[in-house]
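Notes for the structure review
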Amino acid sequence: MTDSADSPLIRVPEMGCAPLGSDAEIRLAGLWETEPGWRGWLSTVDHKTIGLRYLATAFIFLLLGGIEALIMRLQLAQPDQTLLTPEQYNQLFTMHGVTMIFLYALPVLSGFSNYLWPLMLGSRDMAFPRLNALSYWLFLFAGLFLYASFPLGQAPDGGWFNYVPLTGRLYDTGPNIDVYALGMVLLGISTTVGSINFIVTLFRLRAPGMSIDRVPILVWGTLTASVANVFAVPVVSLAFFMLWLDRQFGTHFFDVVNGGKPMLWQHLFWMFGHPWVYVVVLPAMGIVSDALPTFCRRPLVGYAPVALSTMATMLLGFGVWVHHMFATGLPTLALSFFGATSMVISIPSAVAVFAWIATIWLGRPVFNTPFLFFAGFVLLFVIGGLSGVMTAAVPLDFQLNETYFIVAHLHYVLLGINVFPVVGGIYYWFPKFFGRMMNETLGKWSFWVMFIGFNAGFFPMHIAGLLGMPRRIYTYAPNMGWNTVNLITSAGSFVFALGLLLFLINVLVSLRRGAPATENPWQASTLEWAVPSPPPAYNFAVIPVVASRHPLWEDWLDEGAGRSSLETGYLLMEGRETLGTTPLDARPDVILKMPEDSYAPFFLGLFSSLIFAGLLLHAWDFAGLMIMASGLSLIAWLWPSKALVQRVPAVKPDKGVAHV
Amino acid sequence: MSEIIQLDRPLPVGSEGKRAGGWWGLLALIVTEGALFGYLLFSYFYLVSQTQQHWPPQGLPQLGIASLNTAILLASSVFVWAGERCIRRRQLQWSLASMAVAILLGAGFVMIQFREWGHKHYDMTANLYDSLYFTITGFHLLHVAVGLVILLLLLLWTALGYFDDRRYAAVTIGGVYWHFVDVVWLFVFTTLYLTPYLF
């Protein structure tokens, strides 16, 4: 290669320090800060802003789904209630499931990961900052799309797993199911591009020295979930698209009369659905694996087994989907196989549980709010896991299938493993997000009210199920023996909601009046705590060089692996730049040019959402127009740019004409 | 893993070949799109295995035109590959010519595929087989159309002098997408045209 060392195509990255207030630091801030005002608001690609948007939007959906649940609990508190009509109840339980599972559970974890990954990995942004923005806009628009028909009384009403033939044109004539089908395809695009972003970020954007065995467990969790999404999301998008074709164009995939098979829907849905269950819990388990050790004042016990069991869970998770279909008349051999896999999956889960217990046992626990949420999570995980093993047994599942026992199980798993770590995670990272501590007294109150309310609300559901109460019924007769358990459940659900409300009040109060936080208030070990709270736009003034799994605990642990260099590192400030490293060993590989803020993601997100609106309303010309608009936005986005050195620079350095 | 990392090596700047983020992103896209086609073909085989209908209902598929079309699509991949190679060897004119031939072949595939559709006297609502046939080939044709737009853009960008032997990541990335679309066709062709002869 004839390029000299200072050519625009190759250079030796300069090392140095850039303390706060130095010329270098001010220049970096100028390069990375987003323009104030609505322009910056629409065009920002800062992963921290996008992460917080994800978190806030997901919490709004959590509140909506929660209100839906409370209305249903009012209806079910006593027998023969008439608060809701059956159709209203159908829409409520469907939207409750859709909201919690698709619009809250994963997006809230994406919010954490978007915010934290570059900070944990020692990078200045995600691998594809604009794709990150697109992923958020699509999530927001898909959420609005799914909710748009709710006020008109035309929301999805076939349950979140939407079985055919009930949801075929013959039995569900309104637009309800079409809204769900198209909304899910749209949301699938958001999930897919977000997942691809995480995967490439992990393999390319770690700080030098952060070899693959030194990344935090949250990163393992989100990576595993993202890889699973890349394989699993297409199947549900395809299933919903085929259902939409069946409903709107008269194809026959699920049409029983003409040879279509309803079981195809169940297979396709659960081939996606079961991996998805792990997608919405593994990153949350990662939150606990990273944050719990901070409060036990020792490293996580069994880093490698926990990382491996994370991936093993997902791998097995692709082979258990039929346990949702035990009662469909499949051959016994198939049932035995899937029942066995479903039981085996408890082994990697148990590895993680024992690792957390051992960490608490061998550590010196500090009993503050985040610790309570993480320890509470371990208990709820064990209960939810046990009822999971029970339903993995085929004969017992025949008995319990479609009863409230299943509802109890899935809520223990999803709230226990998702909501508790998420709320604990907010308490833990709030100082990093906003530079203020959350109120500890109110925090402990919120934990105990949530924990007691949760168990009072959901444990009796096990009993309701064993007493034979089917799920998804809008009311029940007074002589069924279900009155007491339902009343307790309803009361518990309101207590739980009160606990969540205390948490939200704490967030709002602490945002204004919380005690100012230092850069590392919990004395934690990972890189995100090495930058100021809240972090500057460029994250790291210099790209650090990492020498161990716990860069901030090295002096204390003294593992003898050398010392990380956090003050001195790569400056990389000729435009927005960060370092690309090799996938496994994290050796410096390339100086990556990062994009400026851009409107392209917003417009691409808007136009592609309007395509789906056009399809829903049968406005074919409009949809065609929006396809053109999306295509043009994408071409503008991908047009090779000189700033990103995607095309050759104008002056060729080997001609020897440049004297600048 | 405590070996010393050399920190003062010269490093390439920006989108350099397979170091570019886009290359990695596209590989991930190929995995997820490959999975999509995998599930499409799963649906086909599942329904075939469960159906009581005569399969395919209109008798065994004609292999002639479809085989020719397969050859055309594979040839286009060769020209895309050659086009990238010419850029690497600083033969921009040859690269442009090669890419143009690839686009013509790709367009030829689309036209022949439309003819093949036209020969069928049914549409996707006629029966289960036709629903599957038109959906699967339709998905693939859509990917070919997107691939053609990408190839046209690469041709334009190369003609505008954006690329030379030092920076041409877009050509590598766009090219591998086209190869992917071609490989998918082999699976689609095998499934829809060859397997009915087996059982």
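Read on for an overview of the structure.

**A few points about the packing of helix α2 (residues 64–88) of chain B against helix α3 (residues 92–119) of chain B**
Residue and element names in this part refer to chain B. Contact pair α2 / α3: the axes reach a minimum separation of 8 Å and the direction vectors enclose 160 degrees. One finds that α2 runs roughly antiparallel with respect to α3. Of the two elements, α2 crosses α3, and the hand of that crossing is left-handed.

**Structural notes on the interface of chain B and chain A**
Counting residues at the interface gives 46 residues for chain B and 57 residues for chain A. For the side of chain B that touches chain A, the elements supplying multiple residues, two or more each, are β1 (11–12), α1 (21–50), α4 (128–159) and α5 (169–198) of chain B. Broken down by element, the side of chain B that touches chain A gets its largest block of residues, 15 residues, from α1 of chain B. When grouped by side-chain class, the residues that make up the side of chain B that touches chain A number 25 nonpolar, 14 polar and seven charged.

**Focus: the sheet that holds strand β4 (residues 565–570) of chain A**
All names here are of chain A. Overall, antiparallel pairing links the three strands, which are arranged β2-β4-β3 in an open sheet. Edge positions in the open sheet fall to β2 (15–17) and β3 (543–545), since each of these has one partner strand only. Sheet twist, expressed as the average angle between the axes of neighbouring strands with direction ignored, equals 55 degrees.

**As for the environment of H462 of chain A**
All names here are of chain A. You can see H462 is positioned in helix α16 (residues 440–466). Accessibility expressed as a C-beta count within 10 Å gives 22 for H462, which makes it buried. Each C-alpha atom, one on H462 and one on I360, is 29 Å from the other, the two residues being 102 residues apart in sequence. With residues near it in sequence (within four places) discarded, H462 still touches S387, F405 and A408.

**Some points on the packing of helix α3 (residues 47–76) of chain A against helix α4 (residues 86–121) of chain A**
Residues and elements named next belong to chain A. Running from N to C, α3 and α4 cross one another at 155 degrees; their axes reach a closest spacing of 7 Å. By the angle between their axes, α3 is roughly antiparallel relative to α4. Considering how the two elements wind past one another, α3 and α4 form a crossing that is left-handed. Of the residues that constitute the contact of α3 with α4, the class distribution is 23 nonpolar, ten polar and two charged.

About the cut-offs
- Residues numbered from 1 in each chain as written.
- Chains lettered and ligands numbered in written order.
- Predicted model: local features only at pLDDT ≥ 70, side-chain atom pairs only at ≥ 80, totals over all residues.
- Axes fitted to C-alpha atoms, helices over the stretch in contact; angles between N-to-C directions.
- Helix = DSSP H or I, 4+ residues; strand = E, 2+ residues; numbered from the N terminus.
- Parallel < 35°, antiparallel > 145°, perpendicular 65-115°, else oblique.
- Left-handed = near helix turned anticlockwise from the far one by under 90°.
- Contact = placed C-beta atoms within 7 Å.
- Nonpolar A, V, L, I, M, F, W, Y, C, P; charged D, E, K, R; others polar.
- Pairing = 2+ DSSP bridges.
- Buried ≥ 20, exposed ≤ 12 C-beta atoms within 10 Å, placed from the backbone.

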